[in-house]
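Observations on the three-dimensional arrangement
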Amino acid sequence: MAPPTSEMANLSLQGNAPKGTAKRDALCAAELEVQALWEREKAFECNPSYDASGEKEDKFIVTFPYPYSNGHLHLGHAFSLTKAVFRSQFERNRGKNSLFPFAFHCTGMPIQAAANKLKSEIENYGIPPQFPEEDPEVRAKMEAELAAAAKAKADKAAASGAKAKGGKTKLVQKTGTGIVRQWNILKRMVPEDEIPAFADPIHWLKYFPPIGVEHMKRFGSGVDWRRAFITTSVNGYYDAFIRWQFNVLREKGKVLFGKRNNVYSILDGQVCADHDRSEGEGVGPQEYVLIKLKVLAPDHGQERHGKMEKLLKRVEDEGKKGVYLVPATLRPETMYGQTNCFVLPTGEYGAYYIDATDEVFIMSARSARGLSCQAYDAANDVYFTKEFGKITCLETFTGDELLGLPLKAPNASYEKVYTLP
C-alpha cells in the first residue's frame, strides 16, 4: 500500500485553515497530486495488449452519450458520468484493458439558433446591448404579456381536454422570468467582452469543448483523451464517418432520400427537430383539410364589401379561377352539413395568390406562410407557391369586412351560405 501523501500525513485541525475545511483542503490537494501523476504516467491511455502467449488480454470499453457543447458541463452530466467512471475503473482494477473514449456533441440547431439569436440582439441593441426591459415599466409590461399568453395557452389546453404542459422552458424555470436574452445567458458562462465572438457558431465549438475536457480531468473521469473528438463537419474524420454510414445505409435500402412532413424553421432554412427548439418540444406536424368556400358576388350592397368587390373584379379580369375562403378542419366529413362560415370580426386576413391552382385564398398570414411550405403535388415536386416559403398577398381584410359574404360550399345541401361572426 502506498504511503500517505505529505498533506494527509500532516493533517491537523490546527493552523490557519478555518475549522471544518482542513480535511477537505488536504483531500483536494491529494486529488490534484494524483491527477498530475495520472497525466504523467498516461494512466488511462489504452493500447492493444497481449499476454505472454501472444493472446489478447481481456478488454472492456465504456461510452457516454455525447454532452451537448452549448455551455459548461453541469451536475446532471457529473451524476450520469459517475456510472461510466466507476465501471471503467472497476474493470481496470480487475486487470482488464479498459477503454473510455469521449466526445462532445455540436450537431443540430441549438448552437446555430443561439448564435443567430445573439447576432440579432447585437444588431438591434448594440454592444453591450441595451435591452428595453431594463426599464422597470417596460419589463413589467412585457412580463405581464408573457404571463397572459401562458395563461391563455393553458386555458386552451384545459378547454380541449388535453393534458396541459408547462409553458416555461427549463431556463425560464431557473431564472424566474419569461424574458430570455442570449447575451444574458452567455454572461453567466463567459467574460462579457468575449460574448460578441459567439455570434459565429464555429466559435462555440472551439470554446466549450476544451473547457469540458479540463473539467472532466478535474473530475477524475479516466478518459483516454487521445480518443476524444467533436461532431459536425468541422471534424473531417467524424464527418467522413457519418457520410460513409449514411451512404452504406442508403445503398442497402435502409434509408431513403426525399421529403416528408416536418416542423420546419423558415428562419434557419432547415428542419427543426424536437430537441432543437427553444420552445414547442413535443409538437409535431398536424394534418388539416382546407374546405374551399368560393366567394360569390356580394348581394346586399354593404359598404364593408367594397374591397372584396374590387378583388373579385380584378381576379376575373386577370383570368384567375376565383376567390375562396379556406377554413381548416380536422373533420372534413362534416362539410355536407355546412350552414355558414365563422369569421373572427377583429381578426386580420389576407388574399393570397396560390400559384399551383391559379386561385386566391382568403386566410390569415400564419396560415398563408404555412401553406407556402406545403407540397401541392409531392410526386412532381410542385408546391402551392412558386417559391418555397414565400407567398404573394394581393389584399388585406379585417374580419368585419368579410362578414355577410355569400359563399358556395362544396357538397353542402344549401346553394349558398354566409360568413357569420
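Structure: see above.
Conventions we followed
Residues numbered from 1 in each chain as written. Predicted model: local features only at pLDDT ≥ 70, side-chain atom pairs only at ≥ 80, totals over all residues. Heavy atoms only, no water. Buried < 20%, exposed > 50% of the residue type's maximum accessible area, 1.4 Å probe, protein only. Helix = DSSP H or I, 4+ residues; strand = E, 2+ residues; numbered from the N terminus. Pairing = 2+ DSSP bridges. Phe/Tyr/Trp six-rings, centres within 6.5 Å; stacked < 30°, edge-to-face > 60°. 1 Å grid on protein atoms, 1.4 Å probe; cavity = no way out; pocket = protein on both sides within 12 Å on 5 of 7 lines; lining within 4 Å. Points joined across faces, edges and corners; volume = space filled by probe spheres on them.

Buried residues dominate strand 12 (residues 348-354), accounting for 5 of its 7 residues. Taken together, the 6 bridges between strand 12 and strand 16 (residues 392-398) define a ladder with antiparallel strand orientation. Across the sheet, residue Tyr353 finds its bridge partner in strand 16, namely Thr392. Bridge analysis of strand 12 against strand 13 (residues 359-363) gives 5 bridges, and the strand direction is antiparallel. Residue pairing for strand 13: Ala351 is matched across the bridge by Ile362. Taken together, strand 12 and the strand that follows it, strand 13, pair antiparallel across an intervening segment of 4 residues, in which Asp358 is found at a positive phi of about 60°.

Under the counting rule described, the total for this entry stands at 19 aromatic pairs. When the centroid spacing of 5.7 Å and the interplanar angle of 15° are considered together, the rings of Phe64 and Phe102 count as stacked. On the criterion of sequence distance, the pair formed by Phe64 in the loop between strand 1 (59-61) and helix 3 (75-93) and Phe102 in strand 3 (residues 102-104) is long-range, its members being 38 residues apart. This pair shows no difference in class: Phe64 is buried, exactly as Phe102 is. Ring geometry for Phe102 and Phe104: centres 5.4 Å apart, planes at 65°, overall edge-to-face. Accessibility expressed as a relative area gives 3% for Phe102, which makes it buried.

In this model, the second largest pocket occupies a volume close to 310 Å³. Lining the second largest pocket are 17 residues, and of these Glu39, Phe44, Lys217, Val223 and Trp225 lie nearest its centre. Broken down by secondary-structure element, the contributors of at least two residues to the lining of the second largest pocket are helix 2 (22-41) and helix 8 (201-219). With 4 residues, the top contributor of residues to the lining of the second largest pocket is helix 2.

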